[in-house]
Amino acid sequence: MAKENTAIFTFFGASGDLAKRKLYPSLFKLYQKGYLKDHFAIIGTSRADWTNDEFQGIVSESISDIKEESKNQANEFVSHFYYIAHDVTDKAHYAALDELINKLDKQYEANGNRLFYLSMAPSFFGQIALNLKSEGLITQEGYNRLVIEKPFGRDYKSAKQLNEELTSTFEEDQIYRIDHYLGKEMIQNIEALRFGNTIIESLWNNRYIDNVQITLSEKLGVEDRASYYDTSGALRDMVQNHILQIVSQLAMEQPVAFTDADVRVEKVKALRSLRVYTPSEAAGNFVRGQYDAGDTGNEYRDESGVPDDSNTETFVAGKLLFDNYRWSGVPFYIRTGKKLADKFTRIDVVFKKPLIDIFAFPQKSDAALQANVLTIYVEPQSGFSLKVNAKSTGQGFETEPVNLDFFQDADKEKEVPEPYERLLHDALEGNSTNFASWSEVAYAWKFVDVIRKLWDIEEPIFPNYLPGSMGPVASDELLQKDHRAWVYRLNK
Ligand code: BG6
């Protein structure tokens, strides 16, 4: 039986795209499952001059895909939404907001639980937190939680400043920094696979693993997000957060228990032992790219809103090294980019080959033993597969790789909660396992800052990769230098 949660949500940025595409539908799913029932209300704020009815109409529209079979339920759900126009920079506006929150708290018996969700221009995050405190919107009665969207700063310095502003109002354990990759089923499965299986965890170190590869590949280009993306680039947009979070889950030691505090300790330790490069090491270990025109689409610099001389990278590949006992000498290769061959996320853990290939003499050279590879398929399909060598069926004695696979069946896949549904639920429950802590964010920025600074002063030769490829040639060369290759590649 689902446990009902009680809270008054306040959404800053209620008219935004994210709220309509992800947040309202996810809340409706929580409502359908009974995690939200009678004792909650959602206040939308933005500068738009809407009435409650108009706002409810927008929410209703945003859940129209899922409400068909449950119209009454949808109407009930939407009746919990309220709207108030709000200028986050104007302190006077907070009094009216406070009054509405208090009124709804009484009406819905929400026990003083307040959840503030910031999904708007990050330049306002700090100010909102400060105003919430100075204008008395923080209660003593229930809980006060702040859920905050990315980006968390532009570099270590700005992130630190933002964090100081937030922590002048909220304690670290009241701040939920969203990284939606942490809400994905198979990213959460990393912990289950590692710490639930002796045969995996006992091999999870530099004695048995040769290298780890993480690919977050996107087929679409920048679309209509140039105003944000061009000031960010793939390094800030995907590596600093999503990829380093995945890396930390793959690299961390076993937590004492599966609690948010214990998991965070281990993730921070892992990120602390990630080697922060010197500029010359960064130059040798990271490559960037920008997409060219394809048969149908524009080159990045011709996309609407992108300056003609933009040097923003739409692709990054890099090699990460850890200075700790478990991972010393094992490279973690990462890559991500827009306009690549396909939309998918996968992790390939490449094991060392057997030290001696006793089959090498009788068998043909092209049938040599291959490295075992554990592939975690994150999206679009969820599953994993372990490549092992086996005897080829037949008279002779040759080996060939075969896969031990598990793929989630299609019906179950449909039941998998969306990352936002899961993360909103976690925030309601006060579980911050799948949110980024400040220390994680700080170490991630320190790692990324060196690369960013280098790229800001060195002129790249862009564009340098074609849509539909897997990025620039330099990405393949990064592994070739180490006598390795990407497990997933086109035209193998
Ligand atoms: C977001 C980035 O955080 O993640 C986008 O800002 C990117 O640029 C998106 O497209 C990818 O997320 P997903 O879940 O579609 O892989």
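Okay, so let's go over this structure.

Mapping valine 450 onto the fold places it in helix α16 (residues 438–457). Considering only alpha carbons, one finds valine 450 and tyrosine 277, 173 residues apart in sequence, at a separation of 6.8 Å.

Further remarks concern the site of the ligand. Within the structure, the ligand sits among Lys150, His180, Tyr181, Lys184, Glu218, Arg225, Asp237, Met238, His242, Lys338 and Lys343. Side-chain polar atom of lysine 184 to an oxygen atom of the ligand: 2.5 Å apart, as the coordinates give it. Side-chain polar atom of arginine 225 to an oxygen atom of the ligand: 2.8 Å apart, as the coordinates give it. Burial of the ligand by the protein chains amounts to 80% of its free accessible area of 390 Å². Here the residues of the shell around the ligand sort into two nonpolar, two polar and seven charged.

Attention shifts here to the pattern of salt bridges. According to the stated counting rule, one finds 28 salt bridges in the structure shown. Residue aspartate 348 is joined to arginine 346 by a salt bridge in which the shortest nitrogen-to-oxygen separation is 2.8 Å. Grouping residues by exposure puts aspartate 348 and arginine 346 together as buried. Salt bridges sharing partners connect three or more residues here, namely Arg194, Glu201, Glu253 and Arg326.

For asparagine 285, the location among the structural elements is in helix α13 (residues 279–285). We classify asparagine 285 as buried; its relative accessible area is 13%. Separated by 33 residues in sequence, asparagine 285 and glycine 318 place their C-alpha atoms 5.5 Å apart. In contact with asparagine 285, not counting residues within four places along its chain, are Tyr277, Ala317, Gly318, Lys319 and Leu478.

Turning our attention to the pairing of strand β8 (residues 286–289). The alternating pattern of β8 places Phe286 and Arg288 on one face and Val287 and Gly289 on the opposite face, and all of these are buried. Bridge count for β8 against strand β9 (residues 315–320) is four bridges, and the pairing is antiparallel. Considered in β9, the bridge of valine 287 is made with alanine 317.

Here the focus is helix α5 (residues 92–108). Over its 17 residues, α5 runs 25 Å from end to end, which matches the ideal 24 Å to within 8%, given 1.5 Å per residue. Among all positions in α5, only Tyr94, Leu97, Asp98, Leu100, Ile101, Leu104, Asp105 and Tyr108 are buried. The arc enclosing the buried residues of α5, seen along the axis, measures out at 165°, which places them on a common side. Among the exposed residues of α5, those pointing more than 90 degrees away from its buried face are Ala92, Ala95, Glu99 and Lys106.

Another aspect to go through is the side chain of aspartate 98. Following the sequence through the fold, aspartate 98 ends up in helix α5. In this view, aspartate 98 contacts Arg114, Glu135, Gly136 and Leu137; residues no more than four positions away in its chain are not counted.

Helix α12 (residues 260–272) packs onto helix α11 (residues 233–251) with a crossing angle of 105° between their chain directions and a minimal axis gap of 8 Å. Between α11 and α12, the interaxial angle falls into the category roughly perpendicular. Two secondary-structure elements touch here, α11 through Leu244, Gln245, Ser248, Gln249 and Ala251 and α12 through Lys267, Ala270 and Leu271.

Note on strand geometry: in a regular strand, side chains alternate between the two faces of the sheet. For strand β2 (residues 36–46), the tally of buried residues reaches eight of 11 residues, placing the bulk of the element in the interior. With seven bridges joining them, strand β1 (residues 5–12) and β2 adopt parallel strand pairing. Considered in β2, the bridge of isoleucine 8 is made with alanine 41. In this region the chain leaves β1, passes through helix α1 (residues 17–32) and returns to the parallel neighbour β2; the handedness of that crossover is right-handed.

What follows covers the sheet that holds strand β4 (residues 114–118). Strand order in the open sheet formed by six strands is β3-β2-β1-β4-β5-β6, and the pairing between neighbours is parallel. At either margin of the open sheet sits one strand with a lone partner, and together these are β3 (81–85) and β6 (175–177). Strand-to-strand twist in this sheet, taken as the mean axis angle between neighbours without regard to direction, amounts to 20°.

The next subject is the packing of helix α6 (residues 125–134) against helix α7 (residues 156–167). The interhelical angle for the contact between α6 and α7, taken along N-to-C directions, is 15°, at an axis separation of 8 Å. Classified by the interaxial angle, the pair formed by α6 and α7 is roughly parallel. Handedness of the crossing formed by α6 with α7: left-handed. Contacts between α6 and α7 involve Phe125, Gly126, Ala129 and Leu130 from the former and Leu162, Glu165 and Leu166 from the latter. Here the contact of α6 with α7 is built from residues that sort into five nonpolar, one polar and one charged.

Of all hydrophobic cores here, the largest spans 104 residues; its most connected members are Phe332 and Ile347. Element by element, the count of residues in this core is highest for α16, at 11 residues. With near-sequence residues (within four places) excluded, phenylalanine 332 lies in contact with Val212, Val247, Leu250, Ala251, Gly318, Lys319, Leu320, Phe322 and Trp327. Ile42, Phe81, Leu115 and Tyr176 belong to the second largest nonpolar core, which has 36 residues in total.

This part is about the sheet that holds β8. On the basis of which strands lie adjacent, the open sheet formed by eight strands has the order β8-β9-β10-β7-β11-β12-β13-β14 and mixed pairing. At either margin of the open sheet sits one strand with a lone partner, and together these are β8 and β14 (399–407). Across the sheet, the axes of successive neighbouring strands diverge by a mean angle of 15°, strand direction being ignored. Where strand β11 (residues 344–351) lies against strand β12 (residues 373–379), six bridges are found, and the strand directions are antiparallel. Each residue of the ladder has a partner; that of isoleucine 347, found in β12, is isoleucine 376. Relative to the sheet, α16 contacts β8 and β9, its axis offset from that of β8 by approximately 55°. Of the strands in this sheet, β7 (209–217), β8, β9 and β10 (332–337) touch helix α17 (residues 473–480), which is tilted by about 10° from β9.

About the criteria used
- Residues numbered from 1 in each chain as written.
- Predicted model: local features only at pLDDT ≥ 70, side-chain atom pairs only at ≥ 80, totals over all residues.
- Heavy atoms only, no water.
- Helix = DSSP H or I, 4+ residues; strand = E, 2+ residues; numbered from the N terminus.
- Near = heavy atom within 4 Å.
- Polar contact = N/O pair within 3.5 Å; in protein donor to acceptor, adjacent residues only side chain to side chain.
- Areas by Shrake-Rupley, 256 points an atom, 1.4 Å probe, with all protein chains shown as cover.
- Nonpolar A, V, L, I, M, F, W, Y, C, P; charged D, E, K, R; others polar.
- Salt bridge = Lys/Arg side-chain N within 4 Å of Asp/Glu carboxyl O.
- Buried < 20%, exposed > 50% of the residue type's maximum accessible area, 1.4 Å probe, protein only.
- Contact = heavy atoms within 4.5 Å.
- Pairing = 2+ DSSP bridges.
- Expected span 1.5 Å × (residues − 1).
- Arc of directions from axis to C-beta.
- Axes fitted to C-alpha atoms, helices over the stretch in contact; angles between N-to-C directions.
- Parallel < 35°, antiparallel > 145°, perpendicular 65-115°, else oblique.
- Right-handed = clockwise from strand over helix to strand, strands pointing away.
- Left-handed = near helix turned anticlockwise from the far one by under 90°.
- Core = buried A, V, L, I, M, F, W, Y, C linked by side-chain atoms within 4.5 Å.

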